[in-house]
Structures are given as C-alpha cells and as structure tokens.
Amino acid sequence: MKENQYENFIRFMDHAAEIIGLPYDEYVSLRYPERELKVSLPLRMDDNSIQVFEGYRVQHSTLIGPGKGGIRFHKDVELDDVKALAAMMTFKCAMVNIPFGGAKGGIRVDVSKLSMNEKERLTRRYTSAILPLIGPDKDIPAPDVGTNPQIMNWIMDTYSMTKGYTVRSVVTGKDIEVGGSLGRNEATGKGIMFIILQLLKKMDMDITNTTIAIQGMGNVGSSAARSLYEAGAKIIAVSDVSGGLYNENGLDINDISAFLDQGRNLLSDYPQKPDDKRITNQELLATECDILIPAALQNQITSKNVDTVKAKIIVEGANGPISDRADAILYQRGVTVVPDILANSGGVIVSYCEWVQNIQAHMWSEKEVYATLERILRKAFNQAYKSSKEYECSMRYGAYIVALKKLTGTLKKRGLYP
Ligand code: GLU
C-alpha cells in the first residue's frame, strides 16, 4: 500500500511537539492546510483531440509570509502528496528563517508524453486556473520535479498578461532573461554541498575521503553531484529512472553530466567507462558508502528496504524520501540523517533571493547570491544541530523543533483571528 505522505508529515510534527512538550492547542492549526484548490485542465493536444488533466495548488500556511513552493508535473501526483509537500515547505522556510509560508502545486501528467507546445498550453491553462490564489504577496510558485525555468517563464508571462503589466516576482526559478537569479539552477545542489561540509566538520571527516551515492540525476541530484565532485568527493554511484551506474573508484561526473544535459538523455544510454557497473535503483540505495543522497522522489526508504541501507549518513535531497518508520530505525542504528527541510533548502533560499531582487528591480552577482545562501544555511544548520543535541534527538527532529518553535511563536504573537 502507498504510504500517505501527509500522515507521515503529521507524525513527524506530532513527535517534534511531543519532544518539547508543546501543548496541542498551540500547534493544532498546523495540522490542517489553509487552502486547497483542485482544478480541471482541458488541453487541446497537437492532434486536435482534447484531454483533461487534474491540477492542484495547496497553501499549507501563510502565517509567516506568502505561500512559497514548487509546481510538480508528474504522472503520480495526488492531492495528499501536494498537501504534504506544501506542509514541508512551511517547515522548510521556517527552519531556514526566510519570510515565507508553505505551498505546493502540481498536475498529474506524464510530461514525457507532451510536446513543447502542449506543455506550454497546459502550463498557461494551469496558471490561469490557480490565478486567484497566486501573486507576489500571496503565493509564489517555483520549479519542482518535472518543471523547469521555461515553465516558470510561461507562468510569469501568463500572470503578467492577465494583470496587464509585467510581474516578475510572481514566480521564481525563471530564466535570467526574464528576471531569474544567477545561481538558482545550481542552488539546491550547492546547498546540499554546504550542508555536507558543515556536517563533516562536526564529524571530523574530510570531503576528499568521502564516498557518495546519489539517487536521481534531475536538477537536485545532478547539481549536488557536480558541486560535491568539484569539492573533491568521490561519487561512486548515481542513478535515474532508467537505472544506475557504480564505480568503486569514482564516476566521471563531468562526463556523465555533460551527457545527461544533451536533451532527454537517460543514464541507461550513457556509454559507460570500462570499470563502471550497471546497478538498479534498489542497489544504489544499498550501496556501501559514507553518504547516500536520495534526490529523486518521496518514499524511497521505507520499513521494507531500510535494512539494506549501508550508508553512515543520509542527506535528503528529495522531499520526503524516508518514511517515519524507516527514519526511526535509522536513528536507532546510529545513521545520521540530514532532513529535507534543511538539506534541500538551498533551492527556496535562492528563490527568496530572486524574489527580493525582482521586488527591488535589482540584480545581484552570483557571488552575492552564494554568499547569502551560505550565510543562511550555516545559521540554519547550526540551529538544527544544536537543537538535536539539546533535546537528544535526531537532526530531523532538531530541525522540526526549530521550525515548530518559530511557527508557534509567531502564532502566539499574532493571536488567533477573530
Ligand atoms: N521545489 C523546491 C523545494 O521543494 C523549491 C521551492 C521554491 O523555490 O519555492 O524546495
């Protein structure tokens, strides 16, 4: 049976509240998303037939600021997943202390089956359908699984055409030409690298002696692979939907990345080097390595396969890749898990930089963007680490506690309306 992602999130939050003895009344509102919108999207296909797709936008919380979160185009997207992903955004933004709430959107569609024109029409129709909910002060979408800067450009354009003037700050993750920020594409991967460097320092380990396996070579996985490879790590395994590659002496990440960047290439088509071995995704998760980075989809490490995981450290590149039951088992086994709401927050942090630049009609250098990213992440990492020591819990709960305290503290100061 499929794990319910939203229930998984609730269990994480409830347990964090229990650790700090937080009264139920003080956080109960966070158990419910503020707004959920479901839309039907009729699309004229290139062959002139019409297909109807289902789309969603959920605002979990706007307590701290406008809703913020990506839009996912994937064949398995369901409302409960979107609710869970929106809630994780609330906790992510609170954890790293940026002035946003949490939201998420999605369309249940297999994008690989759509032409470029169909994708554009679907994106514009979806933007129009969720238009009452979004806006620079209300809710700001961004890329997620299956979406990219081009899709963000179309969202910006559709919103602007409807308003009658250009509104760059309505969406982040755009191309530079239409108001995107330098460094946004690589931000999540760079953030993962910064976090890993901080953790290794605490553990007295050196990045150049570290072996890493990465599941997923989309935006997050491939940017993390490149950043970590440049920092001197040995990436011994990577995978995508088509399967994986393993080399105990380290893979040639630059060559693999260059190959995958050419259009819609898959790893299974990569002309492997003589001592590279083909592996499955399950084998990748079971790779003997120092650090495992699940950077594909949710629910990859569950009670079913957690016993096969051999990594000492897991850094969640994806949102929700570990179920709460598997998480508890890993903690008991002494595996350090850096949770999604901290580990992959580099993306939304640079989205925040983009939004600030758009609002100020200003452009930062890449150096300024990365300096801001590093400053925010360093503080967030230290807070989550300290909180896990203070409450003698995992880093996941350390991070959830930091976020929960910030959210409930704000709620207390604002008061409950009416
Ligand atoms: N989809 C990304 C995430 O899950 C980025 C969200 C954003 O930039 O708003 O964090």
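Refer to the structure presented above.
(A) Representation of the packing of aromatic side chains in the model. For the structure shown, the criterion picks out 12 aromatic pairs. Consider the rings of Tyr352 and Trp355, whose centres lie 6.3 Å apart with planes at 35°: the pair is tilted. Here Trp355 and Tyr352 lie together in helix H12 (residues 346-360), a separation of three residues that amounts to about one turn. Residue classification places Trp355 among the buried positions, given a relative accessible area of 11%. These aromatic residues form a ring-pair network of at least three members: Tyr6, Phe9, Phe12, Phe91, Tyr397 and Tyr400. The ring of Tyr6 is capped by Lys83, whose NZ or CZ atom sits 4.8 Å from the centre of that ring.

(B) Structural context of the nonpolar core. Membership of the largest hydrophobic core comes to 85 residues, with the highest contact counts inside it found for Met95, Leu228 and Ile293. Apart from residues no more than four positions distant in its own chain, Ile293 is found in contact with Ile192, Ile196, Ile212, Ala213, Ile214, Gln215, Leu228, Val315 and Gly317. Judged by nonpolar contacts, the second largest core, of 25 residues, contains Leu41, Leu131, Ile151 and Tyr159.

(C) Local environment of the site of the ligand. Surveying the vicinity of the ligand reveals 14 residues, the closest of which are Lys68, Lys92, Pro143, Asp144 and Ser351. The separation between a nitrogen atom of the ligand and a polar side-chain atom of Asp144 is 2.7 Å. Out of a free accessible area of 300 Å², the ligand has 94% covered by protein chains. Mapped onto the shell around the ligand, the elements with two or more residues apiece are strand S3 (67-74), helix H3 (79-95), strand S5 (139-143) and H12. Among the residues forming the shell around the ligand, the class breakdown is four nonpolar, five polar and five charged.

(D) Highlighting the pattern of salt bridges. The final tally for this structure, using the stated rule, is 22 salt bridges. When the shortest N-O distance is used, the salt bridge between Lys83 and Asp80 registers 3.5 Å. Of this pair, Lys83 and Asp80 both sit in helix H3, three residues apart, roughly one helical turn. Arg124 serves as the salt-bridge partner of Glu120, at 2.9 Å between the closest nitrogen and oxygen. You can see Glu120 and its partner Arg124 sitting in helix H4 (residues 116-130), four residues apart, about one turn around the helix. One network of salt bridges, with partners in common, ties together Glu316, Asp327, Asp340 and Arg396.

(E) Focus on the sheet that holds S5. Reading across from one edge, S1-S2-S4-S3-S5 is the order of the five strands in this open sheet, with mixed pairing throughout. Looking along the sheet, the strands with just one partner apiece sit at the ends: strand S1 (35-44) and S5. Strand-to-strand twist in this sheet, taken as the mean axis angle between neighbours without regard to direction, amounts to 20°. Here S1 pairs with strand S2 (residues 50-61) via 10 bridges, running antiparallel. Each bridged residue has a counterpart across the sheet, and for Leu41 the counterpart in S2 is Phe53.

How each quantity is defined
Residues numbered from 1 in each chain as written. Predicted model: local features only at pLDDT ≥ 70, side-chain atom pairs only at ≥ 80, totals over all residues. Heavy atoms only, no water. Phe/Tyr/Trp six-rings, centres within 6.5 Å; stacked < 30°, edge-to-face > 60°. Helix = DSSP H or I, 4+ residues; strand = E, 2+ residues; numbered from the N terminus. Buried < 20%, exposed > 50% of the residue type's maximum accessible area, 1.4 Å probe, protein only. Lys NZ or Arg CZ within 6 Å of the ring centre and 35° of its normal. Core = buried A, V, L, I, M, F, W, Y, C linked by side-chain atoms within 4.5 Å. Contact = heavy atoms within 4.5 Å. Near = heavy atom within 4 Å. Polar contact = N/O pair within 3.5 Å; in protein donor to acceptor, adjacent residues only side chain to side chain. Areas by Shrake-Rupley, 256 points an atom, 1.4 Å probe, with all protein chains shown as cover. Nonpolar A, V, L, I, M, F, W, Y, C, P; charged D, E, K, R; others polar. Salt bridge = Lys/Arg side-chain N within 4 Å of Asp/Glu carboxyl O. Pairing = 2+ DSSP bridges. Axes fitted to C-alpha atoms, helices over the stretch in contact; angles between N-to-C directions.

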